[in-house]
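# A closer look at the structure
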Amino acid sequence: MFKNQVVWITGASSGIGEALAQEFAREGARLILSARREEALAAVAEKCSAAAAVHIVPFDIAEETAIQPAVDQVVATAGRIDLLINNAGISQRSSTIETELSTYRKLFEVDVFGQIALTKAVLPIMLEQGNGHLAVTASVAGKIGAPFRTGYCAAKHAMMGFFDSLRTEVAHKSIRVTTITPGYIRTSISENAVRGDGKTFGKTDEAIAGGMEVGPAAEAIMRGFRKGKQEIPVGVGMEMHALRIKRYFPNLLFKIMNKQYAKVAKSNQLETQ
Ligand SMILES: NC(=O)c1ccc[n+]([C@@H]2O[C@H](COP(=O)([O-])OP(=O)(O)OC[C@H]3O[C@@H](n4cnc5c(N)ncnc54)[C@H](OP(=O)(O)O)[C@@H]3O)[C@@H](O)[C@H]2O)c1
């Protein structure tokens with residue numbers, strides 16, 4: 001299905017993006033891999049030898065001036081873009097009271113404005129092609145509020161709104177939009193998450209350590225793409241049930257979440273410590 005298709009994955013230097021790159025390589029796609037760390041991207045590219053072609057295009061998605069040159073490079077290299085997976089992202093581990101406004105801005109620059117800027121730069125190319133597919137790795141955090149993640153949850157809710165809204169505008173122009181809503185997946189996400197002062201959290205927390213393995217998560221996302229799903233939930237923990245509870249019994253979910261956090265706070269095992 002994706003043979004010789006040009007698939008551009010951001011956040012491809014580790015975690016979900018890296019695992020997705022390997023999945024699309026097995027499908028024989030022509031891959032473009034992006035993230036900031038060039039060496040890590042090159043290492044992922046080596047693992048994607050089954051792909052029809054692999055190119056790395058390193059850039060910082062939070063740097064507005066880096067977006068258009070990256071898009072130009074992809075078009076010059078591949079000639080077209082069939083699927084863009086907006087997967088780059090950073091999480092947060094800090095309470096609202098200890099989170100500086102600059103940290104909220106940092107989260108939004110990467111998780112929101114970077115994704116919007118790149119999508120806006122790619123959209124005219126897809127319109128010109130007369131088809132295309134835009135995807136975003138949002139999160140269960142884009143549907144449910146969780147403690148110590150006010151910035152991250154706000155950013156992922158924003159992405160769900162942006163891409164659900166965009167879908168309505170472009171569906172009749174043969175451009176598909178897919179939102180991916182993972183639960184806890186075992187990646188470096190909590191290690192790379194920001195604390196209140198913007199510094200890196202630096203460790204894998206319990207929730208992520210107990211999450212779904214990244215390989216099976218990428219396989220599940222691939223199955224969703226193959227079936228043409230517009231929203232792909234992926235995960236194995238209680239958070240996936242929470243999605244359904246939030247949808248049908250929001251007050252029950254708020255009660256459960258409040259109770260759980262109160263228990264954690266009482267035992268003084270705050271995830272941010
Ligand atoms: N793991 C989970 O439990 C989970 C759950 C729901 C949603 N997600 C989402 O899944 C996506 C991938 O995360 P992951 O779990 O795979 O974590 P990860 O291993 O930390 O991967 C994050 C990726 O984003 C890239 N990135 C971060 N900041 C960037 C920037 N300023 N510019 C360009 N690239 C940047 C990183 O590459 P460089 O450092 O090389 O730039 C890396 O490739 C994120 O959007 C995350 O929010 C993850």
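This text follows the structure it describes.
Rules used throughout
- Starting afresh in each chain, residues are numbered from 1 along the sequence in its written order.
- Given that this is a predicted model, residues contribute local features only at a pLDDT of at least 70 and side-chain atom pairs are listed and counted only at 80 or more, while totals for whole chains, interfaces and linings are drawn from all residues.
- Side-chain metrics rest on all non-hydrogen atoms present in the structure, leaving aside hydrogens and water.
- Put simply, DSSP H or I for four residues or longer makes a helix, DSSP E for two residues or longer makes a strand, and each gets a number counted from the N terminus.
- Exposure is judged per residue with a 1.4 Å probe applied to protein chains only, and the accessible area is read against the type maximum: over 50% gives exposed, under 20% gives buried, and values in between give partly exposed.
- Geometry of aromatic contacts follows a simple scheme: Phe, Tyr and Trp rings, the Trp one being its six-membered ring, pair when their centres are within 6.5 Å, and the pair is stacked under 30 degrees between planes, edge-to-face over 60, tilted otherwise.
- By nonpolar core we mean a set of buried residues, namely Ala, Val, Leu, Ile, Met, Phe, Trp, Tyr and Cys, connected to one another through side-chain atoms within 4.5 Å.
- Contacts are residue-level and defined by heavy atoms, with any inter-residue pair within 4.5 Å sufficient.
- Every axis corresponds to a line fitted to the C-alpha atoms, with the helix fit spanning only the stretch in contact, and the corresponding angles, defined between N-to-C directions, vary from 0 to 180 degrees.
- Our angle categories are set so that under 35 degrees counts as roughly parallel, over 145 as roughly antiparallel, 65 to 115 as roughly perpendicular, and the remainder as oblique.
- Crossing handedness follows the turn of the near helix against the far one: under a right angle anticlockwise gives a left-handed crossing, and clockwise gives a right-handed one.
- For this scheme, ten residues count as nonpolar: Ala, Val, Leu, Ile, Met, Phe, Trp, Tyr, Cys and Pro. Four count as charged, namely Asp, Glu, Lys and Arg, and the remainder, Gly too, count as polar.
- Pairing between strands requires that DSSP locate at least two bridges from one strand to the other.

### Let's talk about unusual backbone geometry
Phi is positive for Asn4, close to 65°, though the residue is something other than glycine. Tracing the backbone shows Asn4 in the segment before β1 (6-10). Even without being a glycine, Phe148 presents a positive backbone phi close to 70°. Locating Phe148 in the fold gives a position in the loop between β5 (132-137) and α5 (150-170). With a relative accessible area of 8%, Phe148 lands in the buried category.

### Let's talk about the packing of aromatic side chains
Per the counting criterion, the structure on display carries six aromatic pairs. When the ring of Trp8 is compared with that of Phe59, the centres are 6.3 Å apart and the planes differ by 55°; the resulting orientation is tilted. Remark: Phe59 occurs in the loop between β3 (53-56) and α3 (64-78) and Trp8 occurs in strand β1; sequence separation between them is 51 residues. Taking relative accessible area as the criterion, Phe59 reaches 10% and is therefore assigned buried. Judged by centre distance (5.7 Å) and plane angle (75°), the ring pair of Phe148 and Tyr261 falls under edge-to-face. One end of the pair, Phe148, is in the loop between β5 and α5; the other, Tyr261, is in helix α9 (residues 250-266), and 113 residues separate them in sequence. Site record: aromatic cluster; members linked through ring pairs are Phe2, Phe24 and Phe225.

### Some thoughts on the nonpolar core
Nonpolar side chains in soluble globular proteins generally cluster together in the buried interior. Formed by 36 residues in total, the largest nonpolar core has its most connected members in Trp8, Phe59, Leu118, Val122 and Leu134. When contributions to this core are tallied by element, the ones reaching two or more residues are β1, α3, α4 (101-129), β5, α5 and β6 (175-182). Counting residues per element, this core draws most heavily on α4, at 10 residues. Setting aside residues up to four positions removed in sequence, Trp8 forms contacts with Ile32, Ser34, Phe59, Ala70, Val71, Val74, Ile81, Leu83, Leu84, Ile85, Leu118 and Val122.

### A short note on the packing of α4 against α5
The contact between α4 and α5 brings their axes to 8 Å, and the two run at 15°. When the axes of α4 and α5 are compared, the pair comes out roughly parallel. α5 is crossed by α4, and the crossing has right-handed handedness. Counted together, Tyr104, Leu107, Phe108, Asp111, Val112, Gln115, Ile116, Thr119 and Leu123 of α4 and Thr150, Gly151, Tyr152, Ala154, Ala155, Ala158, Met159, Phe162, Phe163, Leu166 and Val170 of α5 form the full contact between these two elements. A breakdown of the residues in the contact of α4 with α5 according to their chemical character gives 15 nonpolar, four polar and one charged.

### Quick word on the sheet that holds β1
Strand order in the open sheet formed by seven strands is β3-β2-β1-β4-β5-β6-β7, and the pairing between neighbours is parallel. On the outer flanks of this sheet lie β3 and β7 (231-234), each paired with one strand and no other. Within this sheet the neighbouring strands show an average axis-to-axis angle of 15°, counted without direction. The sheet contact formed by strand β2 (residues 30-34) and β3 spans four bridges and is parallel. Residue pairing across strands places Arg30 opposite Ala53, the latter belonging to β3. In the packing of α4 onto the sheet, the strands contacted are β1, β4 (83-86), β5 and β6, and the crossing angle to β4 comes to about 175°.

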